[in-house]
Amino acid sequence: MQTVEFKVAGKMYACQVPDRWADITPRQFAIFAGCVAGDTELIDPDTVRRILDIPDVVAVNLTVADWYFLEETIHWMLDLDSYTTTALPFVTLADSTECHGFADDFSDVTWEEWTIADSQANAGRWDIVAAVMYRPIKPNWDRHSDPRVEFNKWDSESRLAAMQALGTDTLAAVALNYKLLRHQLTRRFKRLFTPAGGNSKGGGTNLGSLIRNVMGDNFFEEEKYLKLPVPSVLFQLDRMVREEKERKRHERKTN
């Protein structure tokens, strides 16, 4: 975080400017997510004002050069590949309930939870993704584990109306946070997510199809995988795919 000062109407005005994702609040991230929804290459002055919470009386007295400088100080946010730490650890419902999100690396997300959330993400249903991935804190949370109540499909559906009422900016933040963290994860498992001649960024992958393609029709095994953490499942699938490719390579050499 850095402090930027301006002289406004003969007085000095200081504002705190974040310089890394860890400094961004959920409110600021929601504003930013609404801004980049149109794939803009810059952050417009009104978005800068809202992110930095600059009072109107100060904003009207800032020069074009001031606005340009402020935009430059938070331009780093447009480097979306640098996003590795969640800036949306929770969302707040209308009744003030805080629903906490998932770990940066999806280590606290089960395969079952992710297959549901990911299919809804591909369909653009970010209200459902929010209902699945953002959940209230456990009554007996020990602060050393996932704070969220256990995933339950019916419980998630009961939160859907509340998630739909979050507003456009917050749902845009849910979408951007999910997409960027998912992209980081798929970069770790390129063998599973990168189609031939393509790349993993932005494209959707049917996770249910992925595991069936690797494991065939052994649905008993698939059921076992549903309760495992996502990185664990992907690691095992990656190993199985690698071994299968090595086996076929060996067969070609020996034939």
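Small disclaimer: the values here were computed from a predicted structure and weren't measured.

What counts and how
Residues numbered from 1 in each chain as written. Predicted model: local features only at pLDDT ≥ 70, side-chain atom pairs only at ≥ 80, totals over all residues. Heavy atoms only, no water. Helix = DSSP H or I, 4+ residues; strand = E, 2+ residues; numbered from the N terminus. Buried < 20%, exposed > 50% of the residue type's maximum accessible area, 1.4 Å probe, protein only. Contact = heavy atoms within 4.5 Å. Areas by Shrake-Rupley, 256 points an atom, 1.4 Å probe, with all protein chains shown as cover. Pairing = 2+ DSSP bridges. Expected span 1.5 Å × (residues − 1). Arc of directions from axis to C-beta. Salt bridge = Lys/Arg side-chain N within 4 Å of Asp/Glu carboxyl O. Axes fitted to C-alpha atoms, helices over the stretch in contact; angles between N-to-C directions. Parallel < 35°, antiparallel > 145°, perpendicular 65-115°, else oblique. Left-handed = near helix turned anticlockwise from the far one by under 90°. Nonpolar A, V, L, I, M, F, W, Y, C, P; charged D, E, K, R; others polar.

Student: I'd like a rundown of the overall build of the chain, residues and numbers included.
Tutor: From N to C terminus, the chain includes 13 helices and five strands. Sorting the 255 residues of the chain into buried and exposed places 41% on the buried side. Sequence-distant contacts in the chain: of pairs separated by 6 or more residues, those separated by 24 or more amount to 64%. Summed over all atoms, the accessible surface of the chain reaches about 14,000 Å², with 51% contributed by carbon and sulfur.

Student: How would you summarise the pairing of strand β2 (residues 11-17) if you had to cite specific residues and measurements?
Tutor: Pairing analysis gives seven bridges linking strand β1 (residues 2-8) to β2, with the strands arranged antiparallel. By the bridge assignment, Glu 5 is partnered in β2 with Ala 14. Where β1 folds back on β2, the antiparallel hairpin that results is connected by two residues, among which Ala 9 adopts a positive phi of roughly 50°.

Student: Let's hear about helix α5 (residues 111-122): which residues, and what values?
Tutor: Relative to the 16 Å expected for twelve residues at 1.5 Å per residue, α5 spans 16 Å between its end C-alpha atoms, a close match to the ideal helical length. Three or more residues of α5 are buried, namely Trp 111, Glu 113, Trp 114, Ala 117, Asp 118 and Ala 121. Projection of α5 onto a plane perpendicular to its axis shows the buried side chains occupying an angular sector of 145°, all on one side. Residue Gly 124 follows α5 closely and has a positive phi angle near 80°.

Student: Got a sec to walk through the sheet that holds strand β5 (residues 135-136)? Specific residues and values, please.
Tutor: Judged by pairing direction, the sheet is antiparallel, and its three strands sit side by side in the order β3-β4-β5 without closing on themselves. Each having just a single partner strand, β3 (90-92) and β5 make up the two edges of the open sheet.

Student: So what about the pattern of salt bridges? Which residues, and what values?
Tutor: Side chains bearing opposite charge may pair, as long as their charged atoms lie close to each other. Under the definition given, this model contains 15 salt bridges. Ionic pairing is found between Asp 146 and Arg 148, a salt bridge with its closest N-O pair at 3.0 Å. Three or more residues are tied together by salt bridges with common partners; here these are Asp 108, Glu 113, Arg 135, Asp 146 and Arg 148.

Student: Give me the packing of α5 against helix α9 (residues 168-188): which residues, what numbers.
Tutor: Running from N to C, α5 and α9 cross one another at 120°; their axes reach a closest spacing of 12 Å. The pairing of α5 with α9 is recorded here as oblique in orientation. Between α5 and α9 lies a crossing of left-handed hand. Here Trp 114, Ala 117, Asp 118 and Ala 121 of α5 lie close against α9, whose contacting residues are Tyr 178, Arg 182 and Leu 185. Split by residue class, the contact of α5 with α9 holds five nonpolar, no polar and two charged.

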